[in-house]
Amino acid sequence: MSVLNVARVGHPILRQKAEPVDLKALTAPGANELQRLIDDMVDTMRNEDGVGIAAPQVVRSLQIVVVEYRMNERYPDQDEIPLTVLVNPVITRSSEETSSFWEGCLSLKDLRGLVTRPREVTVEAHSRQGEKMVVAAQDFLAVVLQHEIDHLHGMVFLDRMQDLTQLAFADELQTYWTEKKAVPIPEI
Ligand code: ZN
């Protein structure tokens, strides 16, 4: 397993639509390049202290997302997320009710932007073993999944912001935005 380079905004791959994963190749026995990629994505996410990563962020145009959040003193308000791998994820339902978070992104290091998204989503995907899975998510997990699935469609959180004056570096957010409108979350 190894830590991969993270593409930063400006790299064209972050603006491409990622290719669907061939489930037969995903579950093929023996040395399996896709399974190795997933292991490397997990390593990279943990190394970067991210709470999720999408394959285009490690310069692979494939529809794979990994997410995980282990309790961290900097973000005590967020629930833990067990390590989850989503292959070919699709949002099949979104709530009308919305919530706002200060999102960050490993491809936009140190920036935070206030983003409003549906508060609840249902995501259908396949596991790394190729099994169908359905995830019903709300609040923090819903934000993380929507942010990651956006990466598979060539979008970053800036594209979701309604007001670019609500963009700040993390340190300045901490210093000057004492009346925060929402909770900052780890980089995704
Ligand atoms: Zn991101």
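These notes cover the structure that comes with them. (Residues numbered from 1 in each chain as written. Predicted model: local features only at pLDDT ≥ 70, side-chain atom pairs only at ≥ 80, totals over all residues. Heavy atoms only, no water.)

**A closer look at the pattern of salt bridges**
Then, in step 1: Counted under the stated rule, the structure contains 15 salt bridges.
Then, in step 2: A salt bridge links arginine 46 to glutamate 68; its shortest N-O distance comes to 2.8 Å. You can see arginine 46 sitting in helix H2 (residues 33–47) and its partner glutamate 68 sitting in strand E2 (residues 64–69), a full 22 residues away along the chain.
Then, in step 3: The shortest N-O distance in the salt bridge between glutamate 120 and arginine 93 comes to 3.7 Å. Taken together, the residues span a long stretch of sequence, with glutamate 120 in strand E6 (residues 120–126) and arginine 93 in strand E3 (residues 81–94) at a distance of 27 residues.
Then, in step 4: With relative accessibility at 41%, the residue arginine 93 sits in the partly exposed group.
Then, in step 5: One continuous salt-bridge network, built from bridges that share partners, spans Arg93, Glu97, Arg119, Glu120 and Asp139. (Salt bridge = Lys/Arg side-chain N within 4 Å of Asp/Glu carboxyl O. Helix = DSSP H or I, 4+ residues; strand = E, 2+ residues; numbered from the N terminus. Buried < 20%, exposed > 50% of the residue type's maximum accessible area, 1.4 Å probe, protein only.)

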